[in-house]
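# Observations on the three-dimensional arrangement
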Amino acid sequence: DPDFVIIEFSVNDSGKDSLYVRKMTEGLIRQLLKDTNKIGIMFLLLKMENGGTAQADHKVVANHYSVPWVSQADLIDAAVAADGRTLRDVYGDNPGIHPNDLGMQYIADFIIENLDSIYKHLPADENIPEIPADIPDPLINDVFANTYTFKSTTIVPDENSGWEISSFDWSSVTPGSELVFTVDGNAVAVEYSRHN
């Protein structure tokens, strides 16, 4: 039951098909907007050191739903230059994908500056309008607005042969082990790792 959610997939979505990115992003926003808690939503738009980002697609969807966004991708170059640093200084890995502590501080500062700006322009409490009950029509579609992620704690197998169930996952080292589940829906994806 969060009050506020920041969405960031601009790095992970970088280089993917634009229509796919927009549909998935729209599904995520629509799920949050349908929540009865009226969650506050903000997009955080990051880029990799090489400039890779899907922020253009995320901005289109965010703007359609009037969701505010903060673009580290647009702000970081000038910010580090003003501080006498380089872009390399804000990434903790090579190639530069994940921000280090300094990079995270810049991100936090960008978010705080944006939120402060929003707060400064809010009307008095008694004049704040009601949150609209209706969600805008889909920009593309609402295919991904009705998804659910099952975990080992939220679904019980119909049959289990050779699998151990923990609070995190199902695991087996025995070839031929089998798990059987029953789910409702028209598409199912399974996350599988043979190393983890």
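Below, the structure is looked at part by part. What you see is a predicted model; the values in this text were computed from it and never measured. (Residues numbered from 1 in each chain as written. Predicted model: local features only at pLDDT ≥ 70, side-chain atom pairs only at ≥ 80, totals over all residues. Heavy atoms only, no water.)

### Focus: the sheet that holds strand β3 (residues 69–71)
Using the following cut-off: Each pair of strands is called paired provided DSSP finds at least two bridges between the two strands. Starting at the N terminus, helices and strands are each numbered in turn, a helix being any DSSP run of H or I of at least four residues and a strand any DSSP run of E of at least two. Lines fitted to C-alpha atoms define the axes here, with helix axes fitted over just the stretch in contact, and angles between the N-to-C directions of these axes take values from 0 to 180 degrees. Two residues form a contact once any of their heavy atoms are found within 4.5 Å.
One open sheet holds the three strands; their spatial order is β1-β2-β3, and the pairing between them is parallel. Two strands in the sheet have a free side with no partner beyond their single neighbour: β1 (4–7) and β3. Strand-to-strand twist of the sheet, defined as the mean angle between neighbouring strand axes without regard to direction, takes the value 20°. Across the sheet, helix α3 (residues 72–82) is in contact with β2 (40–45) and β3; its angle to β3 comes to roughly 40°.

### Digging into the pairing of β1
Our working definition: We call a residue buried when its accessible area falls under 20% of the maximum for its residue type, exposed when it is over 50%, and partly exposed in between, using a 1.4 Å probe and counting protein chains only. The definition of a right-handed crossover adopted here requires that, viewed with the strands pointing away, the path from the first strand over the helix to the second runs clockwise.
Here β1 shows a clear split, with Val-5 and Ile-7 buried on one side and none of Phe-4 and Ile-6 buried on the other. As paired elements, β1 and β2 share four bridges and run parallel to each other. Directly across from Ile-7, in β2, lies its bridge partner Phe-43. Where the polypeptide runs from β1 across helix α1 (residues 18–34) and back to β2, its parallel neighbour, the crossover connection is right-handed.

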